[in-house]
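Next come the chains, spelled out residue by residue.
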Amino acid sequence: MNRETYEAYLNILRDELVPAMGCTEPIAIALTAATAQAHLDTLPTSVSVCVSGNIIKNVKSVMVPGTGGLRGIKSAVAAGIIAGDHTRELEVLSGITEEHREKIADFLNNVDITVSEADSERVLDIGITLKNADHTVYARTVDRHAGLCLIEVDGEVIFTADIKAEESRADHSVLSIAGIIEFAEEADIDDVRDLLDRQISYNTAIAKEGLTGKYGAAIGRTLLMSYGDTVYNRAKAWAAAGSDARMNGCELPVVINSGSGNQGMTTSLPVIVYARELNVTQEMLYRALLVSNLTTIHLKTGIGCLSAYCGAISAGCGAGAGIMYLYGGRLDEIEHTIVNALAINSGVVCDGAKASCAAKIASAVESGLLGMQMYMHGKEFYRGDGIVAGGVEATIKNVGQLAQSGMAETDKEIIRIMLKN
């Protein structure tokens with residue numbers, strides 16, 4: 001791999017594998033609100049929030065971390081204004097105290113917060129306006145969870161970002177499964193050690209917390225109690241347990257992938273579980289995580305950060321690819337694992353961030369593992385089997401088309417249904 005391409009792969013990893021506390025959509029709202037508040041001299045007396053439908057979908061049912069169980073857009077806004085530290089980006093709410101929680105509750109009871117759906121073609125669009133007696137501040141985030149693109153104070157633009165430049169700061173066009181395997185094989189571990197050590201540490205810690213069974217529907221714990229402690233079941237359980245905790249108020253951070261903590265846990269925890277079971281070297285674990293993370297990012301690039309297509313499915317494919325690497329599989333075996341997994345579970349809908357994400361994660365990991373086991377036993381899906389095309393890249397392209405174009409109206413209908421509930 002030439003140096004330019006190698007650096008592009010590193011930049012993708014640095015850009016995508018970042019820490020976040022809580023579900024990234026309410027965190028993006030809190031970050032935007034905290035940024036606006038940093039430019040206002042006192043607390044606002046009114047707040048207007050205008051967000052895209054996918055933000056509404058992914059914030060409606062999930063807990064805002066640190067708030068003592070509060071949910072929804074208004075809670076995320078209030079938390080960002082009262083307790084947010086915008087310099088911490090996706091860990092914006094990491095410093096919430098009991099005093100902050102009391103002030104957040106008081107703010108929600110006494111300040112008018114209006115929420116509306118944005119007339120925007122962007123799936124991630126957050127605009128927040130804060131007003132007090134003397135000043136008005138507007139902040140807008142688009143496309144990326146930390147993608148602040150505009151700040152206005154009293155109608156004067158004080159910050160603007162080139163959205164297109166933000167979108168392309170890491171060049172995803174270089175990604176291919178062949179390139180991912182080549183990079184994983186050739187990477188200087190010192191270039192990725194810190195990123196991957198943080199992912200291993202953070203995501204393992206929140207999985208262990210989720211396995212206590214005190215969060216959400218306790219899918220991870222239920223899997224272990226119901227189906228035993230085999231490595232196959234443990235891989236699903238640990239990934240699900242991380243989501244149990246994260247979707248239901250746990251304040252531990254995770255390392256995300258493609259803008260999602262659930263995807264970050266799904267693509268990494270099964271690989272970590274299998275690596276320990278197989279007693280491979282730490283270097284082998286690092287290289288397998290490069291395969292799993294980059295495969296997930298490659299799949300998600302064509303799908304987009306938010307859609308009606310459940311992102312855990314891509315991450316489950318990534319996990320299957322990484323585990324196949326641990327077993328000694330390389331390009332041919334990994335390509336077939338991915339195609340098999342995509343044929344099994346593509347089309348699972350995303351109906352917002354919530355407790356049931358953990359169950360979908362378990363299903364996604366199972367698809368990745370089944371896709372791997374199929375090829376290990378000489379079985380595979382072929383071109384013409386549904387969306388399966390001639391080769392892994394063509395199949396990945398079909399999945400992107402399915403998610404972005406084919407499921408666009410599905411996404412709108414899901415949002416309409418959720419707003420009625």
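Each chain carries its own residue numbering, running from 1 in the direction its sequence is written. The model is predicted, so local features are restricted to residues of pLDDT at least 70 and side-chain atom pairs to those at 80 or more, both for listing and for counting; the totals for chains, interfaces and linings are taken over all residues. Side-chain measures here rest on the full set of heavy atoms in the structure, leaving out hydrogens and waters.

Visitor: Got a minute to help me understand the overall build of the protein chain in this structure?
Guide: Labels follow the DSSP assignment, with helices taken as runs of H or I lasting at least four residues and strands as runs of E lasting at least two, numbered in each case from the N terminus. Counting its secondary structure elements, the protein chain contains 17 helices and 8 strands. For a compact globule of 421 residues, the expected C-alpha radius of gyration is about 22 Å, and the protein chain comes in at 21 Å, within 12% of that figure. Under the scheme applied here, a residue whose accessible area is under 20% of the maximum for its type counts as buried, over 50% as exposed, and between as partly exposed, the area being computed with a 1.4 Å probe on protein chains only. Looking at the protein chain as a whole, 57% of its 421 residues qualify as buried. Any pair of residues with heavy atoms lying within 4.5 Å of one another is described as a contacting pair. At a minimum sequence separation of 6, the contacts of the protein chain that also span at least 24 residues come to 76%. Accessible surface for the protein chain amounts to roughly 16,500 Å². Of this, 48% is attributable to carbon and sulfur atoms. Here the protein chain contributes 35 positively and 52 negatively charged side chains, and the mean placements of these two sets differ by 6 Å. Here the globule rule reads 2.2 Å times residues to the power 0.38, and the radius of gyration is calculated from C-alpha atoms. Only the protein chains shown count as cover for residues, with accessible areas throughout obtained via the Shrake-Rupley method and a probe of 1.4 Å. Charged residues are defined here as Lys and Arg on the positive side and Asp and Glu on the negative side; His and the ends of the chain fall outside this count. Lys charges are placed at NZ, Arg charges at CZ, Asp charges at CG and Glu charges at CD.

Visitor: Sorry if this is basic, but what is going on with the layout of surface pockets here?
Guide: Over the atoms a probe the size of a water molecule is rolled, and this reveals where empty space is left. Cavities and pockets are found on a 1 Å grid laid over the protein atoms alone: a cavity is a set of points where a 1.4 Å probe fits but cannot escape, a pocket is an open set with protein on both sides within 12 Å along at least five of seven lines, and a lining residue has an atom within 4 Å of such a point. Grid points are joined across faces, edges and corners, and a volume is the space filled by probe spheres set on the points. For the largest pocket, the calculated volume is near 1,200 Å³. Residue lining of the largest pocket: 47 residues in total, with Val 123, Asp 143, Gly 304, Cys 305 and Leu 306 positioned closest to the centre. Those elements that provide at least two residues to the lining of the largest pocket are α1 (3-16), α3 (53-59), α6 (163-167), α12 (282-303), α16 (392-406) and α17 (408-420). Looking at which element gives the most residues to the lining of the largest pocket, the answer is α17, with 6 residues. Amino acids are sorted into nonpolar (Ala, Val, Leu, Ile, Met, Phe, Trp, Tyr, Cys and Pro), charged (Asp, Glu, Lys and Arg) and polar (every other residue, Gly among them). Among the residues forming the lining of the largest pocket, the class breakdown is 18 nonpolar, 12 polar and 17 charged. Leu 31, Thr 32, Thr 35, His 86, Thr 87, Glu 89, Thr 141, His 145, Ala 146, Gly 147, Leu 148 and Phe 159 together form the lining of the second largest pocket. No other element matches helix α2 (residues 24-37), which puts 3 residues into the lining of the second largest pocket. Class assignment for the residues of the lining of the second largest pocket results in 4 nonpolar, 7 polar and 1 charged.

Visitor: For this particular structure, what's the right way to read the pairing of strand β6 (residues 148-153)?
Guide: Moving residue by residue along a regular strand, the side chains alternate between the two faces of the sheet. With respect to burial, β6 is a largely interior element, 5 of its 6 residues being buried. When DSSP locates at least two bridges between a pair of strands, those strands are taken to pair. Here strand β5 (residues 136-142) hands over to β6 after 5 residues, with Asp 143 in that stretch at a positive phi of 70°. As judged from the 4 bridges shared by β6 and strand β7 (residues 156-160), these two strands associate in the antiparallel manner. The partner of Val 153 across the bridge, within β7, is Glu 156.

Visitor: Got a minute to help me understand helix α4 (residues 73-83) in this structure?
Guide: Each turn of an α-helix holds 3.6 residues, which means side chains three or four residues apart point in the same direction. The buried fraction of α4 is high, at 10 of 11 residues. By the burial criterion, the buried members of α4 are Ile 73, Ser 75, Ala 76, Val 77, Ala 78, Ala 79, Gly 80, Ile 81, Ile 82 and Ala 83. Of the surrounding elements, those touching the buried residues of α4 are α2, β2 (46-51), α3, α5 (98-110), β3 (112-117) and β4 (125-131).

Visitor: Can you help me understand the state of the cysteines in this one?
Guide: Structurally, a disulfide amounts to a covalent bond that connects the sulfur atoms of two cysteines. Cysteine sulfur atoms are paired as a disulfide whenever they fall within 2.5 Å. With the rule as written, the count across this model stands at 0 disulfides. Between Cys 250, a cysteine without a disulfide, and Cys 23, which holds the nearest cysteine sulfur, the sulfur-to-sulfur distance is 13 Å.

Visitor: Help me out: how do you make sense of a nonpolar patch on the surface in this one?
Guide: What goes into a patch is any residue over 30% in relative accessible area without a salt bridge, connected to like charges within 9 Å or, for nonpolar side chains (Val, Leu, Ile, Met, Phe, Trp, Tyr), within 5 Å. A carboxyl oxygen of Asp or Glu within 4 Å of a side-chain nitrogen of Lys or Arg is what we treat as a salt bridge. On the surface, Leu 278, Tyr 327 and Met 376 cluster together to form a nonpolar patch covering roughly 250 Å² of accessible area. Among the structural elements, Tyr 327 can be located in the loop between α13 (311-326) and α14 (331-345). Residue class for Tyr 327 comes out partly exposed when judged on its relative accessible area of 39%.

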